[in-house]
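Descriptive analysis of the structure
The chain contents come next:
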Amino acid sequence: MDFSNKVAIITGAARGIGKAFATGLLAKGMKVCISDINEELVTTTGQSLATTYGEQNVIFAVCDVRNEDQFKNVFQVTKNKFKRVDIVINNAGVADEENWGKVVDVNLKGSILGTQLAAEALRKDRGGHGGIVVNMCSIFGVQPCSILPVYSASKYGVFGLTKSFAEMPEMKENGVKFTCLCPGAIDTEMITDDIQQMRKKFFGDTSLMSTDVMTEALFKLLNDTDNNGEGLIVNQVDPDQHMKYFNSK
Ligand SMILES: NC(=O)C1=CN([C@@H]2O[C@H](COP(=O)(O)OP(=O)(O)OC[C@H]3O[C@@H](n4cnc5c(N)ncnc54)[C@H](O)[C@@H]3O)[C@@H](O)[C@H]2O)C=CC1
Ligand SMILES: CCCCCC(=O)/C=C/C=C\C/C=C\C/C=C\CCCC(=O)O
């Protein structure tokens, strides 16, 4: 894929995996809109990326992915500034089993809204240029997690959503591809000390993956052909699965 001057929208990109994606895409010559619910952090991260990669290449916006008006605004400001959208990464996510309604709302409903808005923005018969939607799933979107059942359910939903949009004839005809990433544990603030202890009990004393591995996986997903509807597993704990498409290839 030729990345220069292409345009990406990334949700939940003020820190963690989303921020790493933004950095990786900007380094390849793309233009990026980062959005996040955290106003202070998205401003700091946005300004820092703009300083490094040029103000003409970066915008940032406050967006809670549960809020349709804010989400629509992200697409609008991106099109106003950059005139096109090519890649949409629905990355925002939370893990909080005690507040499980929020998990469903952010991870699943937020991804549904983001996928619908992306499909409209990208499809060629609606003025788009075609493109790719990348939904952030998890290893727990393809295998169960006994300590995070609602989180896992939300990610199974993201996988089903991605595969279903990929099957739509009108999306294929209009050049829009749908994919997802299914990582194991990545070294971000989402992996708290408590979760790390639980993880060690189940999976042994293996290291967390760096966000660089996720950027590598993103570029594989973007560069591979013939992966519409596929989920790329990123899981160094199981070398047989790592960087392979789920149940295929
Ligand atoms: N860290 C990990 O081990 C793994 C993470 N994932 C997924 O990757 C994605 C990113 O996770 P991390 O970077 O690790 O987490 P993180 O907690 O470091 O970053 C998540 C970002 O999303 C933002 N956010 C939270 N709720 C939001 C909302 N309602 N609207 C918009 N933004 C919101 C946060 O402010 C934060 O900046 C999530 O979907 C997560 O489920 C998947 C597999 C493994
Ligand atoms: C706050 C947890 C966020 C989950 C992030 C994710 O999507 C994947 C993480 C992978 C591993 C680390 C997290 C939890 C592991 C702990 C126990 C797993 C139990 C597995 C089981 O078979 O039940």
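Residues numbered from 1 in each chain as written. Chains lettered and ligands numbered in written order. Predicted model: local features only at pLDDT ≥ 70, side-chain atom pairs only at ≥ 80, totals over all residues. Heavy atoms only, no water.

Under the annotation held in an unreviewed UniProt entry, the chain carries the name 15-hydroxyprostaglandin dehydrogenase [NAD(+)] and is attributed to Mizuhopecten yessoensis. According to UniProt, the comment filed for the chain under the heading Sequence similarities (unreviewed entry) is "Belongs to the short-chain dehydrogenases/reductases (SDR) family." (UniProt positions renumbered as here; feature names shortened; annotations may be inferred.)

Here we look at the site of ligand 2
Taken together, 17 residues lie near ligand 2, and Ser138, Ser146, Tyr151, Ala185 and Phe202 sit nearest. With respect to ligand 2, the side chain of Ser138 contributes an N or O atom lying 2.6 Å from an oxygen atom. Side-chain polar atom of Ser146 to an oxygen atom of ligand 2: 2.6 Å apart, as the coordinates give it. Out of a free accessible area of 600 Å², ligand 2 has 89% covered by protein chains. Comparing atom positions with the cavity grids shows ligand 2 to sit within the largest pocket. (Near = heavy atom within 4 Å. Polar contact = N/O pair within 3.5 Å; in protein donor to acceptor, adjacent residues only side chain to side chain. Areas by Shrake-Rupley, 256 points an atom, 1.4 Å probe, with all protein chains shown as cover. 1 Å grid on protein atoms, 1.4 Å probe; cavity = no way out; pocket = protein on both sides within 12 Å on 5 of 7 lines; lining within 4 Å. Sits in = over half its atoms within 2 Å of the grid points.)

What to know about the layout of surface pockets
Within this model, the largest pocket holds a volume of roughly 1,200 Å³. Every residue lining the largest pocket is counted, 49 residues in all, and those nearest its centre are Gly93, Ala95, Tyr151, Thr188 and Met190. Those elements that place two or more of their residues in the lining of the largest pocket are α1 (16–27), α4 (100–122), α5 (149–167) and α7 (193–203). Here the element with the most residues in the lining of the largest pocket is α7; it accounts for 5 residues. Taken together, the residues of the lining of the largest pocket sort by class into 29 nonpolar, 12 polar and 8 charged. (Points joined across faces, edges and corners; volume = space filled by probe spheres on them. Helix = DSSP H or I, 4+ residues; strand = E, 2+ residues; numbered from the N terminus. Nonpolar A, V, L, I, M, F, W, Y, C, P; charged D, E, K, R; others polar.)

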